[in-house]
Amino acid sequence: MELEEQPKYGEPRKYDPTFKGPIQNRGCTDIVCCILFILAILGYIAVGILAWSQGDPRKVIYPTDSRGQFCGQAGTPLEKKPLLFYFNIMKCASPMVLLEFQCPTTQVCFPALGQEGGVITVGNNSKFDDGNGNIRDLVSLTHSLTHSISVLTSPPPLLPPSTLSSGLVIAMLTSLLFIVLLRFLAGIMVWVMIVMVILVIGYGIVHCYMEYAALKGEPGADVTLQQLGFQTDFTVYLQIRQTWLAFMIILAIVEVIIILLLIFLRKRICIAIALIKEASRAIGHVMSSLFYPLFTFLLLAMVIAYWAVTAVFLSTSNEPIYKVFNETECEHSRATCEPNYTSSLMRKQCPDSECLFAFYGGETVYHKYLIALQFYNVFLFFWCANFVTALGQMTLAGAFASYYWAFVKPDDMPAFPVFSSLGRSLRYHTGTLAFGSLILSIIQIIRVLLEYLDHKLQGAQNKCTKFLLCCLKCCFWCLEKFIKFINRNAYIMVAIYGKNFCTSARDAFFLLMRNMIRVAVLDKVTDFLLFLGKLLIVGLVGESLYLTRILHNTAPNLHYYWVPIITLVIGSYLIAHGFFSVYAMCVDTLFLCFCEDLERNDGSATRPYYMSSTLHEILWKNKAEEPSSSAARQQDDEDIRLKQQQAQEEDAA
């Protein structure tokens with residue numbers, strides 16, 4: 001007797017007359033992970049309390065040097081030095097700031113221009129130990145790095161609140177307008193979106209060319225970027241022709257790529273529009289889903305605020321440590337000392353010794369494990385943020401699944417689908433949400449650890465080490481993207497069937513693999529169209545701010561004009577992503593439900609499809625026009641055979 005060969009990607013779903021969408025009779029899943037998450041939250045609260053009892057937030061509010069001393073504050077040794085110098089301000093963009101909440105570069109207080117006291121000293125000491133046993137002179141170090149110093153006044157006028165709020169409000173209103181128009185004019189809006197993206201990028205190309213041509217013959221405009229080097233004031237780059245030429249080339253490449261994709265995907269775009277229309281109908285019946293991102297934003301704001309406050313208190317709990325340095329033998333060598341060392345007993349026993357600044361940290365048990373507490377703070381931040389995101393995905397998936405599996409819409413839908421789905425997610429699947437977000441957080445904290453190692457090994461690493469770290473960073477970046485994809489689809493299956501995370505992830509993966517062609521040509525095309533929508537909003541907000549010169553009119557004293565522009569562009573993208581994520585989650589949920597609908601039903605009177613007639617007609621018409629490969633034809637024949645076999649078994653029963 002031959003054993004029947006099992007399908008490679010699991011058995012297709014069988015017809016179940018009792019299945020009416022998200023299962024109501026379900027139990028709690030992944031309870032162990034739920035308990036672990038609760039204990040981790042309690043530990044997080046304990047870390048916060050410990051940090052709040054040790055830290056000094058004034059070190060973040062007021063400028064402080066690398067030794068933790070305040071710049072320009074009355075009653076301090078540096079009262080006449082109100083300015084703070086960063087030896088390499090670009091290091092403030094390092095991922096290490098996320099961990100230590102401090103800029104990893106030397107910082108020195110300095111007097112204002114024209115003010116007396118131009119020697120950079122701290123108390124009576126102008127030397128310090130760099131942590132490797134080397135005595136360094138701050139004065140010579142400052143003069144040797146004169147050209148790389150960036151100035152930051154106290155406090156710095158970086159971004160007017162009115163400009164920031166105006167730009168973000170514009171982004172929010174524009175995103176909301178697009179979502180509302182998509183609800184009623186999905187087909188037209190998608191094509192308008194495509195045309196406007198092409199026009200906006202095209203205008204950018206023309207503008208770059210005009211700036212490039214206008215700088216012809218201007219003094220210094222032909223300087224190359226390599227000759228100019230790095231400048232903290234980015235407006236300097238806008239005065240040379242090569243910058244605009246680079247912008248023009250980049251925009252032209254993006255324009256060509258988008259146009260080619262649209263040409264090759266023109267038939268698929270019509271199908272994707274049909275899916276977006278179906279998503280618009282679903283959102284029309286679940287209008288409260290449009291406002292759910294506000295709830296997610298509120299929860300994320302709370303998570304970010306707790307992490308930031310805890311990180312501030314952890315990073316400001318360090319203290320300046322002074323050590324005894326001597327040129328002759330001394331029993332107190334490298335011992336901890338106080339700055340008023342001249343009158344101490346150790347100075348009398350070692351007359352030629354000095355008490356110099358050694359490092360900024362501490363020698364207590366708390367300071368010994370401070371880096372572990374900082375890692376724990378970042379890890380719990382990732383875990384909580386991913387949990388909030390996962391909760392939103394599962395909630396929306398459950399609401400939209402209720403729409404799809406309602407045979408008579410909206411009569412067969414629950415009265416409040418979003419609230420019903422949110423209640424099910426929190427009541428039964430908190431552990432599953434914690435499990436999926438835990439896996440993602442572990443990968444993210446490993447990426448932070450790799451950045452930490454890269455930062456610590458910068459001076460000692462060789463080419464082999466650099467290559468290995470680069471490969472690891474790339475691999476874990478790809479792994480993070482894959483886990484996000486698996487988690488997203490797993491949450492959809494959990495919202496529908498109420499199973500645990502591993503089972504749901506397996507079922508979702510097998511379902512997608514059984515419909516691999518549809519995933520590649522339908523779901524991803526829809527994601528591409530929604531991405532164009534986000535790109536359009538960011539482009540409109542960014543270009544409108546630049547062209548109207550809002551920044552120049554309202555903030556003439558800004559040090560760096562590019563900082564508000566970048567801030568508003570990033571903020572606009574996050575806002576647009578929040579609103580469009582509702583559509584993206586709706587499309588993904590409807591797509592998985594559509595794939596299951598094809599496996600469960602055959603379109604007959606006894607087993608009708610739950611999909612709309614318009615979507616069914618377009619998808620089937622497209623399938624008939626596709627030249628299918630032999631493997632695809634074999635899969636279709638196998639699906640037909642399995643459905644016929646199921647029908648015979650039901651008739652016999």
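Here the residue numbers are simple positions, counted from 1 along each chain's written sequence. At least 70 in pLDDT is required for a residue's local features to be given in this predicted model, at least 80 for side-chain atom pairs to be given and counted, and no such filter applies to totals for whole chains, interfaces and linings, which use all residues. Here the side-chain values reflect all heavy atoms present in the structure, with hydrogen atoms and water set aside.

An unreviewed UniProt entry annotates the protein as Choline transporter-like protein of Dicentrarchus labrax. Within the UniProt record for the protein, the comment given under Sequence similarities (unreviewed entry) is "Belongs to the CTL (choline transporter-like) family." Among the UniProt annotations of the protein, the heading Function (unreviewed entry) holds the following wording: "Choline transporter." UniProt positions are given in the numbering used here, feature names are shortened, and annotations may be inferred rather than shown by experiment.

## Details of the overall build of the protein
We count a stretch as a helix when DSSP gives it H or I for four or more residues in a row; a strand needs E for two or more, and each element gets its number in order from the N terminus. Helix and strand counts for the protein come out as 22 helices and eight strands. Buried residues are those whose accessible area, probed at 1.4 Å on protein chains only, stays under 20% of the maximum for their type, while exposed residues exceed 50% and partly exposed ones sit between those limits. The buried share among the 653 residues of the protein stands at 44%. Taking contacts inside the protein between residues at least 6 apart in sequence as the whole, the part at least 24 apart equals 75%. Only heavy atoms matter for contacts: two residues are in contact if any of them lie within 4.5 Å across the pair.

## Observations regarding unusual backbone geometry
With a phi angle near 50°, Asp-30 is a residue other than glycine that sits in the positive phi range. Topologically, Asp-30 is positioned in the segment before α1 (31–54).

## What about the confidence of the model for the protein?
pLDDT is a residue-level measure of predictor confidence that goes from 0 to 100. Taken as a whole, the protein shows an average pLDDT of 75; of its residues, 70% reach a score of 70 or greater. Here residues 1–5 is a poorly scored stretch, pLDDT under 50, and it has zero contacts once near neighbours within four places are set aside; other chains count.

## Considering the environment of Met-585
Structurally, Met-585 can be placed in helix α20 (residues 562–600). Spatially, the C-alpha atoms of Met-585 and Leu-396 are 6.9 Å apart, while their sequence positions differ by 189 residues. If sequence neighbours within four positions are ignored, Met-585 has contacts with Gln-393, Leu-396, Ala-397, Phe-400, Arg-488 and Ile-492.

## Quick word on the pattern of salt bridges
We define a salt bridge as a side-chain nitrogen of Lys or Arg found within 4 Å of a carboxyl oxygen belonging to Asp or Glu. Under the defined criterion, the tally for this structure stands at ten salt bridges. Here Glu-451 makes a salt bridge to Lys-473, at a shortest N to O gap of 3.7 Å. With Glu-451 in helix α15 (residues 430–456) and Lys-473 in helix α16 (residues 463–497), this pair connects stretches of sequence that are 22 residues apart. Judged by its relative accessible area of 25%, Glu-451 falls in the partly exposed class. When its relative accessible area of 23% is taken as the criterion, Lys-473 is described as partly exposed. Across the salt bridge formed by Lys-473 and Asp-454, the nearest N and O atoms sit 2.8 Å from each other. One end of the pair, Lys-473, is in helix α16; the other, Asp-454, is in helix α15, with 19 residues separating them in the sequence. Put simply, Arg-447, Glu-480 and Lys-484 are held in one network by salt bridges that share partners.

## Considering the side chain of Ser-425
Counting through the fold element by element, Ser-425 comes out in helix α14 (residues 417–428). With a relative accessible area of 2%, Ser-425 lands in the buried category. When residues no more than four places from it in sequence are discounted, the contact partners of Ser-425 are Leu-391, Met-394, Thr-395, Thr-430 and Leu-433.

## Details of the packing of helix α13 (residues 370–404) against α15
Lines are fitted to the C-alpha atoms to define the axes, a helix being fitted only along its stretch in contact, and any angle between axes, read from their N-to-C directions, falls within 0 to 180 degrees. Orientation of α13 relative to α15, taken along the N-to-C sense of each, is 140°, at an axis distance of 8 Å. Comparing the axis directions of α13 and α15 gives the class oblique. As α13 runs across α15, the sense of the crossing is right-handed. Under the scheme applied here, ten amino acids are nonpolar (Ala, Val, Leu, Ile, Met, Phe, Trp, Tyr, Cys and Pro), four are charged (Asp, Glu, Lys and Arg), and all others, including Gly, are polar. Residues that form the contact of α13 with α15 fall into these classes: 19 nonpolar, six polar and no charged. Under this scheme an angle from 65 to 115 degrees is roughly perpendicular, one under 35 degrees roughly parallel, and one over 145 degrees roughly antiparallel; angles in between are oblique. Take the far helix as the reference: if the near one is turned anticlockwise from it by less than a right angle, the crossing is left-handed, and if turned clockwise, right-handed.

## Some thoughts on the packing of aromatic side chains
Side-chain rings of Phe, Tyr and Trp, where Trp is taken by its six-membered ring, are said to pair if the distance between their centres is within 6.5 Å; with planes under 30 degrees apart they count as stacked, over 60 as edge-to-face, and otherwise as tilted. Here the structure, examined in full by the defined rule, presents 17 aromatic pairs. Ring centres of Phe-416 and Phe-419 lie 6.4 Å apart, and the angle between their planes is 75°; on these two criteria the pair is classed as edge-to-face. Summarising the burial analysis for this pair, Phe-416 and Phe-419 share the class exposed. Among the aromatic residues, those joined into a ring-pair cluster are Phe-37, Phe-379, Trp-383 and Phe-387. The positively charged end of Arg-241 is found above the aromatic ring belonging to Tyr-212, 4.0 Å away from the centroid. Put simply, a charge is over a ring when the Lys NZ or the Arg CZ is close to the ring centre, within 6 Å, and near the line of the ring normal, within 35 degrees.

## A closer look at the packing of helix α6 (residues 186–214) against helix α9 (residues 266–285)
In helix packing, the relevant descriptors are the interaxial angle and the interaxial distance, both defined with respect to the helix axes. Where α6 meets α9, the closest approach of the two axes is 9 Å, and the angle between their N-to-C directions is 125°. On the basis of the axis angle, α6 is oblique to α9. Of the two possible hands of crossing, α6 and α9 adopt the one that is right-handed. Together, Ala-186, Gly-187, Val-190, Trp-191 and Ile-194 of α6 and Ile-269, Ile-273, Ile-276, Lys-277 and Ser-280 of α9 make up the contact between the two elements. In terms of residue class, the contact of α6 with α9 is built from seven nonpolar, two polar and one charged.

## What about a nonpolar patch on the surface?
The patch calculation keeps residues exceeding 30% relative accessible area without a salt bridge and links them within 9 Å when they carry like charges or within 5 Å when they are nonpolar (Val, Leu, Ile, Met, Phe, Trp, Tyr). In this description, accessible areas are obtained by the Shrake-Rupley approach with a 1.4 Å probe, and a residue is regarded as covered only by the protein chains that are shown. A cluster of nonpolar side chains, Ile-31, Ile-35, Ile-38, Leu-39, Leu-42, Ile-45, Ile-49, Trp-52 and Val-309, forms an exposed patch at the surface whose accessible area comes to about 840 Å². Here the nonpolar patch takes eight residues from α1, the largest share from any one element. With respect to the helices and strands, the residue Ile-31 is situated in helix α1.

## Details of the environment of Tyr-491
Inspection of the secondary structure puts Tyr-491 in helix α16. In the structure, Tyr-491 is positioned 101 residues away from Ala-390 in sequence and 7.4 Å away in space, judged by C-alpha atoms. When neighbours within four sequence positions are excluded, Tyr-491 is seen to be in contact with Ala-390, Gln-393, Met-394, Thr-432, Leu-433, Gly-436, Ser-437 and Phe-501. Nitrogen and oxygen atoms within 3.5 Å of one another constitute a polar contact, given that in protein one can donate a hydrogen and the other can accept it, and given that sequence-neighbouring residues count only through two side-chain atoms. A distance of 3.5 Å separates a polar side-chain atom of Tyr-491 from the backbone nitrogen of Ser-437.

## Let's talk about the state of the cysteines
Disulfide: a covalent bond formed between the sulfur atoms of two cysteine residues. Cysteine sulfur pairs qualify as disulfides if the two atoms are within 2.5 Å. Across all of its chains, the model carries zero disulfides by this definition. Just so you know, Cys-502 is unpaired, no disulfide at all, and the nearest cysteine sulfur is the one on Cys-33, 9.8 Å from it.

## Side note on the environment of Leu-450
Within the secondary structure, Leu-450 is located in helix α15. Owing to a relative accessible area of 8%, Leu-450 belongs among the buried residues under this scheme. For the pair Leu-450 and Leu-469, spaced 19 residues apart in the sequence, the C-alpha separation amounts to 7.1 Å. The residues contacting Leu-450, other than those within four sequence positions of it, are Leu-469, Leu-472, Lys-473 and Phe-476.

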